Amino acid sequence: MKDIMIATGNLNKVKEYKEILEPLGFVIHDLSEINHTDVEETGTTFSENALLKAESVVKSCKMICIADDSGLSITALDGAPGIYSARFMGDKTNTETNAVIIEMLKDKADRSAWFTCAIALIDHEGESHLFEGIMEGSIAFEPKGSNGFGYDPIFIPKGLDKTSAELTSAEKNAISHRGKATRLLLEYLKENY
Ligand code: IMP
């Protein structure tokens, strides 16, 4: 009953979910344990893509399935990179991509941006549940910090004067899109399992 499949090929995500859920008595499984082919992320929102990923796996295992999708949306770029965050600049490194984004925003007055994290859970009855967290902020004029990953060095969370790559993981988790979505997921699991 307390088995959960994490529908991601990303072992860092599996590790993070383990750290959060194992203390509550959940047994975490990952895709290496089942036959599974990668699903195409054809959704138009983070929630749709998270659901697609969870649904693609639930058929192959008889347990709760969780998948997530996340990314950065920039107002002046009409919400880009958005759901394409992981592959926005093809083969470019994070550092190169961040430099391109700063260049793209150089003449823009509006530097506002936000991170979204959607977590989809499919329960034993096949019902889906969505948990979403958002972190608002703005794009920095230059990259700073070496913590975190991806777009963290160019993202300044609202109300702070440093990038999220200058925060410790505990500080980031307290305010981040992923932290918020995860806390909603935890509340649901505590109430229902
Ligand atoms: P996915 O959720 O695995 O599809 O990947 C989302 C992509 O969005 C990552 O590869 C990062 O580029 C970006 N992203 C999502 N969350 C964060 C974050 O907390 N900090 C920095 N970049 C992030």
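Residues numbered from 1 in each chain as written. Predicted model: local features only at pLDDT ≥ 70, side-chain atom pairs only at ≥ 80, totals over all residues. Heavy atoms only, no water.

S.K.: I'd love a proper account of the overall build of the protein, names of residues and values included.
M.R.: Counting secondary structure elements, the protein contains five helices and six strands. The C-alpha radius of gyration computed for the protein amounts to 17 Å, which stays within 12% of the reference 16 Å derived for 193 residues, consistent with globular compactness. Here the C-alpha coordinates of the protein stretch approximately 55 × 30 × 25 Å along the principal axes. Here the protein, with 193 residues, has 45% of them falling under the buried criterion. Of the contacts formed within the protein by residues at least 6 apart in sequence, a portion of 56% connects residues at least 24 apart. Carbon and sulfur atoms provide 51% of the accessible area of the protein, an area that totals close to 10300 Å². If the 20 positive side-chain charges of the protein are averaged to one point and the 31 negative ones to another, these points end up 4 Å apart. (Helix = DSSP H or I, 4+ residues; strand = E, 2+ residues; numbered from the N terminus. Rg over C-alpha atoms; globule rule 2.2 N^0.38 Å. Buried < 20%, exposed > 50% of the residue type's maximum accessible area, 1.4 Å probe, protein only. Contact = heavy atoms within 4.5 Å. Areas by Shrake-Rupley, 256 points an atom, 1.4 Å probe, with all protein chains shown as cover. Lys, Arg positive; Asp, Glu negative; His and termini not counted. Charge placed at Lys NZ, Arg CZ, Asp CG, Glu CD.)

S.K.: Residue-level account of the sheet that holds strand 6 (residues 155-157), with values.
M.R.: The six strands are arranged 2-1-3-4-5-6 in an open sheet whose pairing can be described as mixed. The open sheet has two edge strands with one neighbour each: strand 2 (27-30) and strand 6. Across the sheet, the axes of successive neighbouring strands diverge by a mean angle of 35°, strand direction being ignored. As defined by bridge partners, strand 5 (residues 128-139) adjoins strand 6 across three bridges and the pair is classed as antiparallel. Bridge pairing links Ser 138 to Ile 156 in strand 6. Sheet strands touched by helix 2 (residues 46-58): strand 1 (3-6), strand 3 (64-74), strand 4 (112-122) and strand 5. Its angle to strand 3, the strand with the most contacts, is close to 155°. (Pairing = 2+ DSSP bridges. Axes fitted to C-alpha atoms, helices over the stretch in contact; angles between N-to-C directions.)

S.K.: Describe the packing of aromatic side chains, with residues and values.
M.R.: Evaluation of the coordinates by the stated rule reveals three aromatic pairs. Ring plane angle 50° and centroid distance 5.6 Å describe the contact between Phe 131 and Tyr 188, whose orientation is recorded as tilted. Here Tyr 188 lies in helix 5 (residues 177-192) and Phe 131 lies in strand 5, a separation of 57 residues in the sequence. Given the relative accessible area of 8%, Phe 131 is considered buried. An aromatic cluster is defined as three or more aromatic residues linked by ring pairs; in this entry it consists of Phe 131, Tyr 188 and Tyr 193. The ring of Phe 26 has Lys 2 lying over it, and the distance from NZ or CZ to the ring centre is 4.6 Å. When the ring centre of Phe 141 is taken as origin, the NZ or CZ atom of Arg 111, which lies over that ring, is 3.9 Å away. (Phe/Tyr/Trp six-rings, centres within 6.5 Å; stacked < 30°, edge-to-face > 60°. Lys NZ or Arg CZ within 6 Å of the ring centre and 35° of its normal.)

S.K.: Help me get a handle on the site of the ligand, residues and values and all.
M.R.: Near the ligand lie 14 residues; those nearest to it are Lys 13, Ser 70, Asp 152, Lys 172 and Arg 178. In the environment of the ligand, an oxygen atom lies 2.8 Å from a nitrogen or oxygen atom belonging to the side chain of Lys 13. Side-chain polar atom of Arg 178 to a nitrogen atom of the ligand: 2.8 Å apart, as the coordinates give it. Sort the elements by how many residues they give to the shell around the ligand and strand 3 lands first, with three residues. In terms of residue class, the shell around the ligand is made up of four nonpolar, five polar and five charged. (Near = heavy atom within 4 Å. Polar contact = N/O pair within 3.5 Å; in protein donor to acceptor, adjacent residues only side chain to side chain. Nonpolar A, V, L, I, M, F, W, Y, C, P; charged D, E, K, R; others polar.)

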